[in-house]
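One-letter residues, chain by chain:
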Amino acid sequence: MFSSTRCAFLNNAGLGGCGSICEGARKRSSPMTVVCMTPSSSRSVDRNSSVVMETPLKELKKDSAVADVDGDSVSAGGPQDVYGEDRATEDQFVTPWSVSVASGYTLLRDPHFNKGLAFSEKERDAHYLRGLLPPTVIPQETQVKKMIRHIRQYQVPLQKYMAMMDLQERNERLFYTLLINHVEELLPVVYTPTVGEACQKYGSIFMRPQGLYISLKEKGKIREVLRNWPEKNIQVVVVTDGERILGLGDLGCQGMGIPVGKLSLYTALGGVRPSACLPITIDVGTNNEELLNDELYIGLKQRRATGQEYAELMHEFMTALKQTYGEKVLIQFEDFANHNAFDLLEKYRSTHLVFNDDIQGTASVVLAGLVAALKLVGGNLADHRFLFLGAGEAGTGIAELIALETSKQTNSPLEEVRKNIWLVDSKGLIVSSRKDSLQHFKKPWAHEHEPVRNLLDAVNQIKPTVLIGTSGQGRTFTKEVIEAMASNNEKPIILSLSNPTSQSECTAEEAYKWSQGRAIFASGSPFPPVEYEGKVFAPGQANNAYIFPGFGLGLIMSGTIRVHDDLLLAASEALASQVSQENYDKGLIYPPFTNIRKISAHIAAKVAAKAYELGLATRLPQPKDLVKFAESCMYTPSYRSYR
Ligand SMILES: NC(=O)C1=CN([C@@H]2O[C@H](COP(=O)(O)OP(=O)(O)OC[C@H]3O[C@@H](n4cnc5c(N)ncnc54)[C@H](OP(=O)(O)O)[C@@H]3O)[C@@H](O)[C@H]2O)C=CC1
Ligand SMILES: CC(=O)C(=O)O
Ligand SMILES: [Mg+2]
């Protein structure tokens with residue numbers, strides 16, 4: 001039933017084209033697994049790639065068992081010596097890997113290869129599946145129809161979420177086909193708002209762990225923990241420490257739902273292979289009393305480690321990632337609290353390929369929406385005045401990118417253009433008299449003005465044309481605030497970015513109703529269309545999900561080694577260019593998510609082109625048609641035929 005023969009296959013990197021992110025040639029394949037021979041467990045690795053190896057391996061020192069997969073080995077062994085065969089010496093320890101063909105019961109329970117009732121008659125014979133499945137054979141399209149009906153039968157969003165996660169655990173390709181084909185309907189299920197509730201209840205709803213947990217207990221052993229993950233060719237890591245999950249605060253270890261959800265979108269929206277994605281939660285404790293007192297809490301039951309202890313764990317983690325996966329692994333920081341987020345980005349931006357989605361991805365998506373909105377409202381960025389409620393990661397990140405773009409457009413110094421951008425935090429308007437007590441990321445926004453305590457007064461005094469909510473506080477754009485925006489502007493631009501829906505600064509209905517249908521509105525979490533005085537308004541979704549999948553794909557496919565602000569501007573421009581006249585006619589400032597893979601390919605191409613221009617791309621020569629190249633690199637989840 002299992003063959004552990006000596007196998008010689010090409011690694012994906014050897015297939016040419018887009019190298020390691022391509023799925024590989026579309027041809028018949030065997031559901032090949034690589035198994036670690038331990039008495040109590042067997043683990044599968046590197047399923048999509050094929051490896052050159054034999055079993056048992058030569059003796060090998062444990063510390064050098066896995067080489068850096070992109071060939072930038074830090075120790076001996078050479079490129080593609082993934083299992084460290086060449087580096088082995090007589091007295092070194094070895095993990096006895098063996099290659100086998102998955103079949104029978106095991107095949108049905110392997111989510112990477114399982115096709116359920118779609119296994120053909122021939123495959124059922126060849127892979128010992130007879131009797132393990134009912135006799136009917138149905139195509140993937142029928143399975144998709146069945147699954148969407150199944151999901152729709154649940155009224156409670158969390159039940160839909162659990163059904164989706166269950167499918168992901170059973171049949172990965174069906175999960176992604178379903179998500180791609182019904183993206184508008186299922187995004188709110190696997191992503192915001194439902195993922196927020198899932199994180200809050202993570203301890204009680206999950207039977208099977210997803211992603212990799214690295215806690216303070218693993219200090220000094222993080223490289224070993226990374227090796228426990230079954231896949232070796234990792235290209236994107238999304239990591240959180242759970243301290244600021246959406247606008248829901250500190251959810252500790254239960255924040256894992258966020259990296260898992262974000263990486264599902266990397267695959268579904270951006271076409272990065274699922275096996276190249278690694279969700280990680282760093283557990284340094286939680287300050288959430290409710291969780292600390294909850295017997296079902298899954299994380300460390302201690303208050304958060306801070307200062308040197310936190311920094312040392314993060315440093316070991318960042319070093320281990322680069323040593324294990326190489327220079328070009330993309331590390332996306334997600335939902336860290338701002339007191340760590342800015343520092344981590346600053347500390348690692350020159351040594352690692354890091355990207356903070358909340359600061360940078362959000363900025364890029366909002367700038368795109370604003371550029372599109374100007375087509376409806378008129379004027380250039382420099383003609384507008386911006387007011388933010390919330391001066392944290394999202395608020396100051398967006399503010400800075402608007403300033404950068406305005407400065408480029410007008411050839412004016414940054415300090416000058418920043419004066420058109422104002423922010424309110426929990427203590428009121430950020431003004432120069434508060435400068436000494438402000439966190440460093442707020443200081444550039446401390447303009448000359450008398451103190452202003454609340455948002456309504458700030459709107460009345462600053463008279464912004466654009467109001468952006470990044471406070472994580474629901475219902476803070478009150479009737480008076482929206483009415484003030486509408487009385488000062490013919491078409492006020494109002495963005496309620498906070499997630500999930502419960503934290504949105506206002507609803508779509510409130511924005512349209514209180515502005516007499518004049519607001520250009522978008523929100524972080526989706527709202528259904530609103531009918532106001534006989535007209536239907538379709539609100540857009542201003543969410544970084546438009547940017548990070550395509551942005552990441554662009555970095556990976558070009559072998560880019562560092563993120564530069566100009567890459568964010570390029571992504572933003574690419575997204576804005578995808579808004580069609582038909583979208584504008586409906587008042588939309590973002591294109592619908594239905595076309596997201598095409599949009600992601602355009603974003604990836606623009607990002608890669610800019611990376612080549614800046615000399616940051618290492619994949620040479622530069623492909624001629626980057627959009628086509630991006631499309632050719634994208635994972636498609638249709639079933640493969642097994643020989
Ligand atoms: N749509 C999207 O794509 C994205 C949305 N977000 C959402 O944005 C929100 C904020 O995220 P982030 O910036 O990372 O969080 P931060 O914690 O970094 O920032 C929150 C900011 O809001 C301020 N604030 C809190 N309460 C109030 C209040 N009552 N009045 C005025 N200001 C207040 C805080 O003030 P102080 O500094 O004084 O504490 C702080 O400046 C979250 O809900 C998140 O989900 C984030 C990223 C992307
Ligand atoms: C969308 C997102 O990244 C957030 O709300 O944090
Ligand atoms: Mg986030």
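Keep in mind the model is a prediction, meaning the values are calculated, not measured.

K.L.:
Would you take a moment to explain the UniProt feature "domain: Malic enzyme NAD-binding" (unreviewed entry) in the protein for this structure?
P.N.:
Those places that UniProt annotates as "domain: Malic enzyme NAD-binding" (unreviewed entry) correspond, in this numbering, to residues 359-612. Taken end to end, residues 359-612 comprises 44% helix and 12% strand; its first and last C-alpha atoms sit 24 Å apart.

K.L.:
Is there a simple way to explain unusual backbone geometry in this structure?
P.N.:
Keep in mind that most residues, glycine aside, have a negative phi and that most peptide bonds are trans. Of note, the bond from Thr192 into Pro193 is cis; its omega dihedral lies within 30 degrees of zero at 10°. On the secondary structure map, Pro193 appears in the loop between helix 6 (183-190) and helix 7 (194-200). The omega torsion of the bond from Leu620 to Pro621 falls at -5°, within 30 degrees of zero and hence cis. For Pro621, the position within the fold is in the loop between helix 23 (596-613) and helix 24 (626-633). Phi is positive for Arg475, which is not a glycine, with a value near 60°.

K.L.:
Would you mind going over the state of the cysteines with me for this structure?
P.N.:
Put plainly, a disulfide is one covalent bond tying together the sulfur atoms of two cysteines. Tallying each qualifying case throughout the model produces zero disulfides. Cys253 supplies the cysteine sulfur nearest to Cys199, a cysteine that is in no disulfide, at a spacing of 11 Å. For Cys199, a relative accessible area of 0% gives the class buried. Of all cysteine sulfurs, the one in Cys633 lies closest to Cys277, which takes part in no disulfide; the gap is 14 Å.

K.L.:
I would appreciate a short explanation of the site of ligand 2 in the present structure.
P.N.:
Ligand 2 sits among Tyr191, Arg244, Leu246, Lys262, Glu334, Asp335, Asp357, Asp358, Asn499, Asn543 and Asn544. Within the side chain of Glu334, an N or O atom sits 3.0 Å from an oxygen atom of ligand 2. In isolation ligand 2 has 210 Å² of accessible area, and contact with the protein removes 91% of it. Grouping the constituent residues of the shell around ligand 2 by class yields two nonpolar, three polar and six charged.

K.L.:
Help me understand the coordination of the magnesium ion (ligand 3), please; the structure alone is not making it clear to me.
P.N.:
Within the protein, the atoms that donate to the magnesium ion (ligand 3) are Glu334 (OE), Asp335 (OD) and Asp358 (OD), at distances of 2.1 Å. Each donor residue of the magnesium ion (ligand 3) lies on one chain, and together they are spaced E-D-x22-D. Of this pair, Asp335 sits in the loop between strand 9 (330-333) and helix 13 (338-348) while Asp358 sits in helix 14 (residues 357-377), and the two are 23 residues apart along the sequence. Taken as a pair, Asp335 and Asp358 share a single burial class, namely buried.

K.L.:
Teacher, can you tell me more about the pattern of salt bridges here?
P.N.:
Once their charged atoms are close, side chains differing in charge can pair, the charge on each being opposite to the other. On inspection of all chains with the given rule, the structure shows 30 salt bridges. One salt bridge in this structure joins Arg304 and Glu243, with 3.9 Å as the shortest N-O distance. Taken together, the positions of Arg304 in the loop between helix 11 (289-292) and helix 12 (307-325) and Glu243 in the loop between strand 7 (236-240) and helix 10 (257-268) put the pair 61 residues apart, joining distant regions of the chain. Like Glu243, Arg304 is buried.

K.L.:
Can you walk me through the sheet that holds strand 14 (residues 466-469) in this structure?
P.N.:
Either a parallel or an antiparallel arrangement is found when strands of a sheet pair, and the pairing is made through backbone hydrogen bonds. Strand order in the open sheet formed by seven strands is 13-12-11-14-15-16-19, with mixed pairing between adjacent strands. Each having just a single partner strand, strand 13 (428-429) and strand 19 (540-541) make up the two edges of the open sheet. Summarising the sheet, strand 16 (residues 520-523) and strand 19 pair through two bridges and their orientation is parallel. When the bridges of strand 19 are listed, Ser523 appears paired with Gln541. In this fold helix 14 packs onto strand 11 (386-389), strand 14, strand 15 (493-496) and strand 16, with an angle of close to 155° to the strand it touches most, strand 15. Together, strand 11, strand 12 (421-425) and strand 14 form the strand contacts of helix 15 (residues 393-410), whose direction differs from that of strand 12 by roughly 175°.

K.L.:
I'm lost on the environment of Glu185 in this one. Help?
P.N.:
Relative to the elements of secondary structure, Glu185 occurs in helix 6. Separated by 431 residues in the primary sequence, Glu185 and Leu616 have C-alpha atoms spaced 37 Å apart. The contacts of Glu185, once residues within four sequence positions are left out, are Ile148 and Arg152.

K.L.:
What's the story with the pairing of strand 16 in this structure? I'm lost.
P.N.:
Consecutive side chains along a regular strand alternate between the two faces of the sheet. Residues Ile520 and Ala522 point to one face of strand 16 and Phe521 and Ser523 to the other, with burial holding for every one of them. As paired elements, strand 15 and strand 16 share four bridges and run parallel to each other. By the bridge assignment for strand 16, Ser496 is matched with Ser523. As a crossover connection, the stretch from strand 15 through helix 19 (residues 508-514) into strand 16 is right-handed.

K.L.:
Looking at this structure, how should I read the UniProt feature "domain: Malic enzyme N-terminal" (unreviewed entry) in the protein?
P.N.:
With numbering aligned to this structure, UniProt lists the feature "domain: Malic enzyme N-terminal" (unreviewed entry) at residues 168-349. With 47% helix and 11% strand, residues 168-349 has end C-alpha atoms that lie 33 Å from one another.

K.L.:
Help me understand the site of ligand 1, please; the structure alone is not making it clear to me.
P.N.:
In the vicinity of ligand 1 lie 27 residues, with Arg244, Asn338, Ala391, Ser426 and Lys442 positioned nearest. Backbone polar atom of Ala391 to an oxygen atom of ligand 1: 2.8 Å apart, as the coordinates give it. The separation between a nitrogen atom of ligand 1 and a polar main-chain atom of Leu497 is 3.1 Å. With the chains in place, 84% of the 920 Å² that ligand 1 exposes on its own is no longer accessible. For the shell around ligand 1, the class distribution of residues is six nonpolar, 16 polar and five charged. Two domains each provide a minimum of three residues to the shell around ligand 1, namely domain 2 (193-356) and domain 3 (361-542).

K.L.:
Would you mind going over the domain arrangement of the protein with me for this structure?
P.N.:
It is common to report an interface's size as the accessible area lost on association of the parts. Examined at the domain level, the protein breaks down into domain 1 (116-182), domain 2 (193-356), domain 3 (361-542) and domain 4 (546-633). Relative to domain 4, the C-alpha centre of domain 1 lies at a distance of 32 Å.

K.L.:
Looking at this structure, I do not really get the sheet that holds strand 8 (residues 277-283). What am I missing?
P.N.:
Read across the open sheet, the five strands follow the order 6-8-7-9-10; overall the sheet is parallel. Of all strands in the sheet, those with a lone pairing partner are strand 6 (212-215) and strand 10 (353-356), marking the two edges. Here the strands of the sheet are splayed against their neighbours by 25° on average, with no regard to which way each runs. When strand 7 meets strand 9, the two strands line up parallel, connected through four bridges. Following the sheet pairing, Val239 is matched in strand 9 by Phe333. Across the sheet, helix 10 lies against strand 7, strand 8 and strand 9, angled at about 165° from strand 8, the strand it touches most.

What counts, and at which threshold
Residues numbered from 1 in each chain as written. Chains lettered and ligands numbered in written order. Predicted model: local features only at pLDDT ≥ 70, side-chain atom pairs only at ≥ 80, totals over all residues. Heavy atoms only, no water. UniProt positions renumbered as here; feature names shortened; annotations may be inferred. Helix = DSSP H or I, 4+ residues; strand = E, 2+ residues; numbered from the N terminus. Disulfide = S-S within 2.5 Å. Buried < 20%, exposed > 50% of the residue type's maximum accessible area, 1.4 Å probe, protein only. Near = heavy atom within 4 Å. Polar contact = N/O pair within 3.5 Å; in protein donor to acceptor, adjacent residues only side chain to side chain. Areas by Shrake-Rupley, 256 points an atom, 1.4 Å probe, with all protein chains shown as cover. Nonpolar A, V, L, I, M, F, W, Y, C, P; charged D, E, K, R; others polar. Donors = N, O, S within 2.8 Å, 3.2 Å for Na, K, Ca; no water. Salt bridge = Lys/Arg side-chain N within 4 Å of Asp/Glu carboxyl O. Pairing = 2+ DSSP bridges. Contact = heavy atoms within 4.5 Å. Axes fitted to C-alpha atoms, helices over the stretch in contact; angles between N-to-C directions. Right-handed = clockwise from strand over helix to strand, strands pointing away. Domains from an automatic or database assignment.

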